[in-house]
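Chain and residue survey
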Amino acid sequence: MTTVLVTGATGTVGRLVGAELAEAGAEVRPFGRAQGDLADPGSLPLDGVESVFLVWPFATAEGARAVIDAIARRARRVVYLSSAAVRDHEREVERLIEKSGLEWTVLRPHAFAANALRWAARVRAGVVRGSYGQAALPVLDERDLAAVAVRALLEEGHHGAVHDLTGPESITQADQVRIISQITKFPARWEEVPPDRTRAELLAMGWPPQAVDGVLQAQADLVRHPAPVTPAVEEVTKTAPRTFGAWVADHAEEFRLPGEPPETMRAARIHEYGDEIRFDRIPTPRPGPGQVLLEVAATSFNPSEVGLRAGLLREVLPVSLPYTLGWDVSGTVVELGAGVTGLVPGERVFGLADGAAAGYAAVPASVLARAPESIPLAHAAAVPVAGLTAWQAVREHARLTRGQRVLINGAGGGIGMFAVQLAKLAGATVFATASPRSAAAVERYGADEVIDYTTTPLPGGMDVVLNLAGVSEEDAAALAGLGRTVLTVAAPIEGGTHFVARNDPAQLAELAALIDRGELLVEAAEYRPLTELAEVHRAAEQGRTRGKIILLPD
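First, a word on scope: everything that follows refers to the structure included in this document. (Residues numbered from 1 in each chain as written. Predicted model: local features only at pLDDT ≥ 70, side-chain atom pairs only at ≥ 80, totals over all residues. Heavy atoms only, no water.)

1. Regarding the pattern of salt bridges
Short version of the rule: One side-chain nitrogen of Lys or Arg within 4 Å of one carboxyl oxygen of Asp or Glu is enough to make a salt bridge. The numbering of helices and of strands both runs from the N terminus, where a helix is a DSSP run of H or I of at least 4 residues and a strand a run of E of at least 2. Buried, partly exposed and exposed residues are distinguished by accessible area as a fraction of the type maximum, computed with a 1.4 Å probe on protein chains only: under 20%, between the cut-offs, and over 50%, respectively.
Within this structure, the stated rule accounts for 37 salt bridges. The residue Arg76 makes a salt bridge to Glu50 at a minimum N-O spacing of 2.7 Å. Placement of Arg76 in the loop between helix H2 (64-74) and strand E4 (77-81) and of Glu50 in the loop between strand E2 (27-31) and strand E3 (51-55) is noted, with a sequence separation of 26 residues between them. Taking the relative accessible area as the measure of exposure, Glu50 reaches 26% and is therefore partly exposed. Here the residues in one salt-bridge network are Glu50, Arg76, Arg77, Glu103 and Glu156, joined through shared partners.

Written out as structure tokens, the structure is:
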């Protein structure tokens, strides 16, 4: 029986190599951090070992010579896991192995299919953002790599071979997301962002500048020159390599279920009223009784949060400082607190709660509803505040019925998106004011007449006037005379009814049902990383935002 030392035995590839060796009848000697330090040759259990699967996990070749010399003194054969990039330290390790006197084989795999799992949270959210979506790679199933490695470790005839390993087809990043979406049934899509934005995000996450620039340059090159497919897997194993789709089908659950939450997360917080937004690293919360922990897919920006940050709402919405922003939340249930029933980890939910501008949020289970299935989960974050406000305005306060006339002032915003559609579903004739840049969207929502309030007088004789915009006293007085019933969720209007929406998960569930039936459209004006929330607040203060802005955590 051949004895094989497998280094990196707890890694993705090492585990597969060890399992295949055992199935082939070899004696496997696993070596990972629990067994010793690879950089210390004396810790390697080489007695009786014939072959070594060598994973060198360090960013330099320093110390590799001593390890390879130790292997050469005791073993006969080594199979080294290099990479198709053949970075400087990998090339040096290859050179040392070639001169060692060992029988040697070098494996140079291209991108692993498992790398797609880095997108899992974004796939669940429905939007994978990145640069160079047309960069094409022949992604390799790690099982095919393991199969090649096992043959090189156990069989004769591989000495001196350098196997350049790929999958059967070159697939763009955008197409990988499309395939994942088709198989997992998450409505996910690729969203292209400028390279400088991706670079800034990676730097903010702590990546070294040289590594970031190298990755982006490599992706840019792969757009122009996709990496070629090689026949090596089939030549060695006599079996065609697995497709990316087959890999996704076998790992679908890993996309569906969130992983263990990290110990810390980044959160967008204010420490004092009027303060700038800070992005603090804080402990990831744990759910208390009646709560669930959500892996946040997205939050969305509400203009009233500018007033909260400034301290203008402290009488009606007092908060404890420092305070994590974000009221709208959509996400995946990770963990249940004591006493929670009716939800299970992995469920996609949305709702209105504090603290959504973070990677995770501990949220009362009672405020959540199951998210719509027909739209990306991140998209659902556009719904709670705006959707509940519109629902309660149209159905509870106005009680619109077929044939009534309603004027919706400020229909180009997030609430207006839902108010126009709900009014049309009630059978009303909808007159909607919007700026020229929002007019096309308001038309899509079904308004019968879109009025440019900067140039056109507003019509009277309305059954209901619904004001969604901050207006001057003069304009408020004018609105008050246009209809029998006047409602406002923004500036007070004399003689009108001012209301603040309440949290109602049953109504959220009804909104989700309308969305899934295709009767209610949800649109986002922009997707932005959460790290740009401060910029969004500044733009709102200057009147430069429109529609719903979705904010994605890092």
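2. With respect to the sheet that holds strand E12 (residues 278-283)
Applied cut-off: DSSP-based pairing: two strands are paired if at least 2 bridges between them are found.
Spatial strand order, E12-E11-E14: 3 strands in an open sheet with antiparallel pairing. Pairing within the sheet leaves two strands with one partner each, and these edge strands are E12 and strand E14 (323-324). In terms of strand pairing, strand E11 (residues 264-270) meets E12 through 6 bridges, oriented antiparallel. For Thr264, the partnering residue across the bridge sits in E12 and is Pro283.

3. What about the packing of helix H13 (residues 384-397) against helix H14 (residues 414-425)?
What describes two packed helices is the angle between their axes and the distance between those same axes. Cut-off, in case you're wondering: Only the stretch in contact is used when a helix axis is fitted, and all axes are lines through C-alpha atoms; the angle between N-to-C directions ranges over 0 to 180 degrees. Angles below 35 degrees are treated as roughly parallel, those above 145 as roughly antiparallel, those between 65 and 115 as roughly perpendicular, and all remaining angles as oblique. Helix crossings fall into two classes, left-handed where the near helix is turned counterclockwise from the far one by less than a right angle and right-handed where it is turned clockwise. Should any heavy atoms of two residues lie within 4.5 Å, those residues are counted as being in contact. Gly is placed with the polar residues, together with every amino acid not listed as nonpolar (Ala, Val, Leu, Ile, Met, Phe, Trp, Tyr, Cys and Pro) or charged (Asp, Glu, Lys and Arg).
Where H13 meets H14, the axes come as close as 8 Å, and the angle between the chain directions of the two elements is 40°. Considering their axes alone, H13 and H14 lie oblique with respect to each other. In terms of crossing hand, the pair formed by H13 and H14 is right-handed. Taking contact as the criterion, the partners of Ala386, Gly387, Thr389, Ala390, Trp391, Val394 and Arg395 in H13 are, on H14, Gly414, Ile415, Phe418, Ala419, Leu422 and Ala423. A breakdown of the residues in the contact of H13 with H14 according to their chemical character gives 9 nonpolar, 3 polar and 1 charged.

4. Structural notes on the sheet that holds strand E1 (residues 3-7)
Ordered in space as E2-E1-E3-E4-E5-E8, the 6 strands form an open sheet in which the pairing is parallel. The two strands at the open ends of the sheet, each matched to only one other strand, are E2 and strand E8 (161-165). Between one strand and the next, the sheet's axes are offset by a mean angle of 15°, whatever the strand orientation. The pairing of E3 with E4 spans 5 bridges and is parallel. Bridged to Val52 within E4 is Val78.

5. Observations regarding H2
Which entries qualify depends on this criterion: Relevant arc is that of directions from the helix axis to the C-beta atoms, nothing else.
Every buried residue of H2 is listed here: Ala64, Val67, Ile68, Ala70 and Ile71. Summarising the axial view, the buried residues of H2 lie within an arc of 155°, below the 170-degree limit, and thus occupy one face. Lining the buried residues of H2 we find E3 and helix H3 (88-98).

6. What to know about the side chain of Arg528
Quick note on the threshold: Pairs of N or O atoms are called polar contacts if they sit within 3.5 Å, as long as, within protein, a hydrogen donor faces a hydrogen acceptor (for residues adjacent in sequence, only side-chain-to-side-chain pairs).
Along the polypeptide, Arg528 turns up in strand E25 (residues 526-529). Within the structure, Arg528 has its side chain in polar contact with the side chain of Glu532 (distance 2.5 Å). Setting aside anything within four residues of it in sequence, one finds Arg528 in contact with Arg197, Glu535, Val536, Ile549, Ile550, Leu551 and Leu552.

7. Regarding the pairing of strand E13 (residues 291-300)
Within E13, 9 of the 10 residues are buried, leaving the element largely enclosed by the surrounding structure. Alignment of E13 against strand E17 (residues 360-364), held across 5 bridges, turns out to be antiparallel. Looking across to E17, one finds that Glu295 is bridged to Tyr360. Direction of pairing for E13 relative to strand E15 (residues 328-336): antiparallel, over a ladder of 6 bridges. Pairing of Ala298 across the sheet is with Ser330, part of E15. The sheet contact formed by E13 and strand E26 (residues 549-552) spans 2 bridges and is antiparallel. When the bridges of E26 are listed, Thr299 appears paired with Leu551.

8. Some remarks on unusual backbone geometry
With an omega of -5°, the peptide bond between Leu321 and Pro322 qualifies as cis. Position of Pro322 among the secondary structure elements: in the loop between helix H12 (304-310) and E14. Positive phi is not limited to glycine here, since Lys185 has a value of about 70°. With respect to the helices and strands, Lys185 occurs in the loop between helix H6 (173-184) and strand E10 (189-192). Using a relative accessible area of 66% as the deciding quantity, one classes Lys185 as exposed.

So far we have only geometry, and geometry alone does not tell us how the molecule works.
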